[in-house]
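Chain by chain, the residues:
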Amino acid sequence: MSVEATGPAEATAIDSTPAPAGGGVLHRLLMAIGPIFAALVLAGAILIAVGVDPLTYYGTVLERGLLSPLGIQQTLTRMAPLLFVAAGLIVAFRAGMWNLGGDGQFLLGAVIAAASAPLLVEVMPGWMALPIAFVLATVVAMIWSLVPALLRAYQGVNEIITTLMMTFLGTSLANVLVKLVFLDPATTVPQTRTLPVDDRLPRLFDTTITSGLLFGLVAIIAVHLMMTRTAFGLKLRIVGANPRAAIHAGLGVPKLTVAVFALSAGLVGLGGAVDILGVQGNVRADWNPAYGMAVIPAVFLARMNGFAAIGFVFLLSVLSIGGESAARRVGVPNTFTLVLVAIVLIMLALAEYFDHRHNQSRKA
Amino acid sequence: MTKRFTGVVANDSVDLKIRSGEVHVLLGENGAGKSTLIGMLSGLQQPDEGRILVDGKPTPITSPRHALALGIGTVFQHMMLVPTLTVAENLLLGGPWWQRPRIGQLEARVAEITKSLNITVRLHAKVSELSLGEQQQVEILRAMVRNSRLLILDESTSMLTPQGIEELGALMRRLVEKGLAIVFITHKLKEAAAFGDRISVLKLGRKVGEITPPRLKFLGEQAAITEIVEMMFGKQTDDPDAERHADTFAKAEAEPLLQVRDLSVAPMADSPGLSSISFDIRPGEILGIAGIDGNGQKQLAEALSGQLATTGGSVILDGRSIDAMDVGQRRVAGLRYLTDDRLGEGTVGAFPVSINFFLKQVGEEPFWRRGFEKRGEIESRAGELVREYDVRTPSLKTPVGRLSGGNIQKVLLARELADGARVVIFNKPTYGLDLANTLASRQRIRDTAARGLAILLISTDLEELLSMCDRIAVIANGRLVGDVQNEDDVRTTVGRMMVGVAA
């Protein structure tokens, strides 16, 4: 006997397996909308407490983040760098390596792109200059990840600590580079030279949406397929799921570790470059959008699934773009956006937790 | 009591009476529902139907803590110690948090218990530094330290030396004389008959029979075993442990297929290392490595497979040195290592059965082409292996961690024995398996030898080695202390070498 036929014994227990399609969809919908609704109620209570009408606030968030033409374009543009960051984190997390140094890698990639692109476009055509700037940004971010990668691969030093420490150094170094090395002498504001709008990444059709969005989507889907369909991705997942099994199977764990860090940091750095060459045009001193930290919970909630991550990144973008405008209009501090995003993420995570516990207790 | 899980009814209306002053043996194959039953007794799981009565009162056992408070101490089949803490700290876990742990008191108590158990426990060693066998001893100790009224031993003897098992039996006798109740779970029929006062047999979640104390006395050991086997399998067979090594597949004149010369590994905090290990194995020959757990067996297997760096010596496979090869190259050359730690390093529990067949071949044709997974190839080959090796799995997509130990072992056997194996290292191939799977694994090993492969069989089960091997070498403290042909009277010779008495 090989694959067991479904006998009467199994049939009695079907009820505890996931419900068939119809119930599954309903359940998932509830799992997605329930927590968001709860978060809105909770954040609304805070708004009422500070004397702001929550409905006006939410209306504005929705209108400026999702419904108005300008808002949705901004939201989609914001997604571009976030998607790259998410792709980079998925590679690392699935391989069981907690790259929390995204912000440092992102900023260094951004600064290198901002420094090199304006110079390159003067000596060569844009179609050549931008790719070179992308490559430079990627390589520098990869190099920046070498220290934690080598320490983890050959000395077993915990990468959570090292990447976090390197991110402090990375953001400071990026700042120093902007203020001292790549300073634009033509302005009084401390910032790098600005890439002319015509030389930036093209916009999509007649909108203001950057084509970086497409690159970001391609990157995250490619990463997803790499992790799920290729031998390399499977090796990384084995290292992540059971490092001892990886050694037993003869995988070169140290080399794979370095490769994971390089890929992860490279994608995050590329995200920084896409944000500069597509949208910002330059890096101002002390600029740090902290996308790396913002994307981490989204990637977790997506269970490191690339397609689900696209959805969560979209939600994150709507909230942050809409929230910024709404904060200005109804007169709450801009940081309230972060409060809202945080409450939504906590509620989603709580729902996951209770759902999981519910399933466990039904099983046990 | 009835207990249901996804896919199976683990326990179906099982009645069990556990009396003080009795060793109650639970027998049954893997998947017969023993572990589930124990889980409900120790508060880890709740019955779906039925109830548990303690001292005649219906008492739902809501948590492991509650079970402990009721005096139910359990030693589980799978280790439940905190590896980063010392033995003493593990024993003190669960005490009131406001009290300073009483190390001195514990030491005295442990000394008293270990003396009667005749084991040595290094109280201040970290658990992660102990071998699996030593960890199991600590777990037994833990239940004893807590003054349990009912002691549940879930396959506790599988890691002990034959002598240790005898002593555990004697100790159980002393404990029940003091009025304790013991539930003793084992696969080994001899132990059941020798140590048990009352024997219950589970089969596919149902209790199929019980032998009461008077009847057990009346039957005697051999007759009891015959009766139990009949209950378990519905057919008469002799005690499998009694089967003897019969035919050999090795030709005396053949050149050795594997030669190991002066293999050495540096000692580490948790292992004795290896010093100057040398042996030959001819095609078709089964060389057994006997020894008490933790004497360098794992290091030997890992050094041969290329997982562990050696400090000297050489390994020659069919006349060719493989010292410079890594794990993957050695596998390609035909050297296979079947690990004893099936879930810890042998498989990735969360991955489907199909992928686990190919963990050591990731990226190789035809299962991957230009680095891309060929699902069709993988599924069809996995399907073949499932049939050929009789792996019982709901589907190829089932996470391998959900299968029983015996079926995980079949996955590993399929992976290591398929396609081009020439020398196979088996490390404790039947540890924790039920009777049917043990017999199947042993037959698989014999068949492999019959195909002309060289076999290194590492085991702590002396009976297994005696029934399987052509020659038996004994490892003690990282050194091979003797090497004998497996003939009729080697049992005592090997046993004496194992415990360090010169042969």
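Before going further, it helps to examine the overall build of chain B. Each helix and strand in chain B was counted, giving 17 helices and 22 strands. Counting the 503 residues in chain B, one finds 48% classified as buried. If you take every contact in chain B between residues at least 6 apart in sequence, the share linking residues at least 24 apart comes to 68%.

This brings us to the overall build of chain A. Helix and strand counts for chain A come out as 15 helices and 0 strands. What you see for chain A is a C-alpha radius of gyration of 23 Å, in line with the 21 Å of a compact globule of 364 residues. Structurally, chain A occupies a C-alpha span of about 80 × 60 × 40 Å along its principal axes. For chain A, long-range pairs separated by at least 24 residues make up 77% of all intrachain contacts whose partners lie at least 6 apart in sequence.

So, on to the confidence of the model for chain B. Residue and element names in this part refer to chain B. Scored by pLDDT, chain B has a mean of 80; 85% of the residues are at 70 or more. In the predicted structure, residues 1–9 sits below a pLDDT of 50 and forms 40 contacts with residues beyond four places in sequence or in another chain. Counting interchain partners and residues more than four positions distant, the pLDDT-below-50 stretch residues 235–243 has 14 contacts. Predicted as a complex, the structure gets a pTM of 0.73 and an ipTM equal to 0.78.

It is worth spelling out the packing of helix α14 (residues 405–417) of chain B against helix α15 (residues 435–450) of chain B at this point. Between two packed helices, both the angle of their axes relative to each other and the distance between the axes serve to describe the pair. All names here are of chain B. At a minimum axis distance of 10 Å, the contact between α14 and α15 shows a crossing angle of 10°. Here α14 is positioned roughly parallel relative to α15, judged by the angle of their axes. In this structure, α14 contributes Gly406, Gln409, Leu413 and Leu417 to the contact, and α15 contributes Asn437, Ser441, Arg444 and Thr448. In terms of residue class, the contact of α14 with α15 is built from 2 nonpolar, 5 polar and 1 charged.

Attention now goes to the sheet that holds strand β13 (residues 286–290) of chain B. Residue and element names in this part refer to chain B. One open sheet holds the 6 strands; their spatial order is β16-β19-β20-β13-β21-β22, and the pairing between them is mixed. If you trace the sheet from one side to the other, it starts and ends with β16 (335–338) and β22 (479–485), each paired once. Averaged over neighbouring strand pairs, the angle between their axes works out to 20° when direction is ignored. Inspection of the sheet shows β13 paired to strand β20 (residues 454–458) by 4 bridges, in the parallel sense. Looking at the pairing, Leu287 lines up with Leu456 of β20. Most of the contacts of helix α9 (residues 297–305) go to strand β19 (residues 423–427), to which it runs at about 155°, and overall it touches β13, β16, β19, β20 and β21 (471–476). The strands touched by α15 are β13, β19 and β20; relative to β20, the strand with the most contacts, the crossing angle is about 150°.

On to helix α17 (residues 490–498) of chain B, then. Turning to α17(B), its buried residues are Val490(B), Val494(B), Met497(B) and Met498(B). What you see down the axis of α17(B) is that its buried residues fit within an arc of 105°, all on one side.

Residues and elements named next belong to chain B. Burial along β16 is two-sided: the face carrying Leu335 and Tyr337 and the face carrying Arg336 and Leu338 are both buried. Here β16 runs beside β19; their pairing, made up of 4 bridges, is parallel. Across the sheet, Leu335 pairs through a bridge with Val423, a residue of β19.

Once that is clear, we can look at the nonpolar core. Counting residues in each nonpolar core, the largest one holds 178 residues, and the members touching the most others are Leu83(A), Ala86(A), Val111(A), Ala113(A), Val313(A), Ile455(B) and Leu457(B). With 13 residues, the single largest contributor to this core is helix α4 (residues 69–94) of chain A. Taken together, domain 2 (243–334 + 420–498) and domain 3 (352–416) of chain B each give at least three residues to this core, which thus spans both. With near-sequence residues (within four places) excluded, Ala86(A) lies in contact with Ile220(A), Val295(A), Ala298(A), Val299(A), Ala309(A) and Val313(A). Ranked by size, the runner-up nonpolar core spans 50 residues in total, among them Leu37(B), Ala67(B), Leu151(B) and Ile185(B).

Residue and element names in this part refer to chain B. Along the chain, Ile455 turns up in strand β20. Placed 179 residues apart in sequence, Ile455 and Ser276 show a C-alpha to C-alpha distance of 20 Å. Residue contacts for Ile455: discarding those within four places in its chain leaves Glu285, Ile286, Leu287, Val424, Phe426, Ile445, Thr448 and Ala449.

Along any regular strand, the residues point their side chains to alternate faces of the sheet. Residues and elements named next belong to chain B. Because side chains alternate across strand β6 (residues 72–75), one face comprises the buried residues Ile72 and Thr74, and the other comprises Gly73 and Val75, equally buried. With 4 bridges connecting them, β6 and strand β7 (residues 150–154) associate as parallel partners. From the neighbouring strand, Ile72 faces β7, where its bridge partner is Leu150.

Okay, helix α6 (residues 126–144) of chain A next. Residues that lie three or four places apart on an α-helix share one face, since the helix turns once every 3.6 residues. The terminal C-alpha atoms of α6(A), which comprises 19 residues, lie 27 Å apart, in line with the 27 Å expected from a rise of 1.5 Å per residue. Buried within α6(A) we find Ala129(A), Leu130(A), Ala133(A), Phe134(A), Ala137(A), Thr138(A), Val140(A), Ala141(A), Met142(A) and Trp144(A).

With that out of the way, let us pick up the domain arrangement of chain B. Accessible area lost upon the coming together of the parts is a frequently used measure of interface size. Residue and element names in this part refer to chain B. Entries for chain B in the domain assignment read domain 1 (3–241), domain 2 (243–334 + 420–498) and domain 3 (352–416). Facing 9 residues of domain 2, the contacting portion of domain 3 comprises 6 residues. The element best represented in the side of domain 2 that touches domain 3 is α15, accounting for 3 residues. Taken together, the residues of the side of domain 2 that touches domain 3 sort by class into 3 nonpolar, 3 polar and 3 charged.

What follows covers unusual backbone geometry. All names here are of chain B. In this structure, Pro366 follows Glu365 across a cis peptide bond, with omega equal to -5°. Looking at the element boundaries, Pro366 is found in the loop between α12 (353–356) and β17 (368–369). Phi angles above zero are rare outside glycine, and Arg370 is one such case at about 50°. Along the chain, Arg370 falls in the loop between β17 and β18 (372–373). A residue is classified by how many C-beta atoms lie within 10 Å of it, and Arg370, with 8 of them, is exposed. Positive phi is not limited to glycine here, since Asp390 has a value of about 55°. Within the element layout of this structure, Asp390 appears in the loop between α13 (375–388) and α14.

We now examine the sheet that holds strand β3 (residues 22–27) of chain B. All names here are of chain B. If you trace the 6 strands from one edge of the open sheet to the other, you get β6-β7-β8-β3-β9-β10, paired in mixed fashion. Where the open sheet ends on each side, the last strands, each with one partner, are β6 and β10 (206–211). Pairs of neighbouring strands in the sheet enclose a mean axial angle of 20°, with direction left out of account. As defined by bridge partners, strand β9 (residues 198–203) adjoins β10 across 5 bridges and the pair is classed as antiparallel. Looking at the pairing, Val201 lines up with Gly209 of β10. Of the strands in this sheet, β3, β6, β7, β8 (181–185) and β9 are in contact with helix α1 (residues 34–41), which crosses β7 at around 150°.

Each value, and the rule that gives it
Residues numbered from 1 in each chain as written. Chains lettered and ligands numbered in written order. Predicted model: local features only at pLDDT ≥ 70, side-chain atom pairs only at ≥ 80, totals over all residues. Helix = DSSP H or I, 4+ residues; strand = E, 2+ residues; numbered from the N terminus. Buried ≥ 20, exposed ≤ 12 C-beta atoms within 10 Å, placed from the backbone. Contact = placed C-beta atoms within 7 Å. Rg over C-alpha atoms; globule rule 2.2 N^0.38 Å. pLDDT = per-residue confidence, 0-100. Axes fitted to C-alpha atoms, helices over the stretch in contact; angles between N-to-C directions. Parallel < 35°, antiparallel > 145°, perpendicular 65-115°, else oblique. Nonpolar A, V, L, I, M, F, W, Y, C, P; charged D, E, K, R; others polar. Pairing = 2+ DSSP bridges. Arc of directions from axis to C-beta. Core = buried A, V, L, I, M, F, W, Y, C linked by C-beta atoms within 7 Å. Domains from an automatic or database assignment. Expected span 1.5 Å × (residues − 1).

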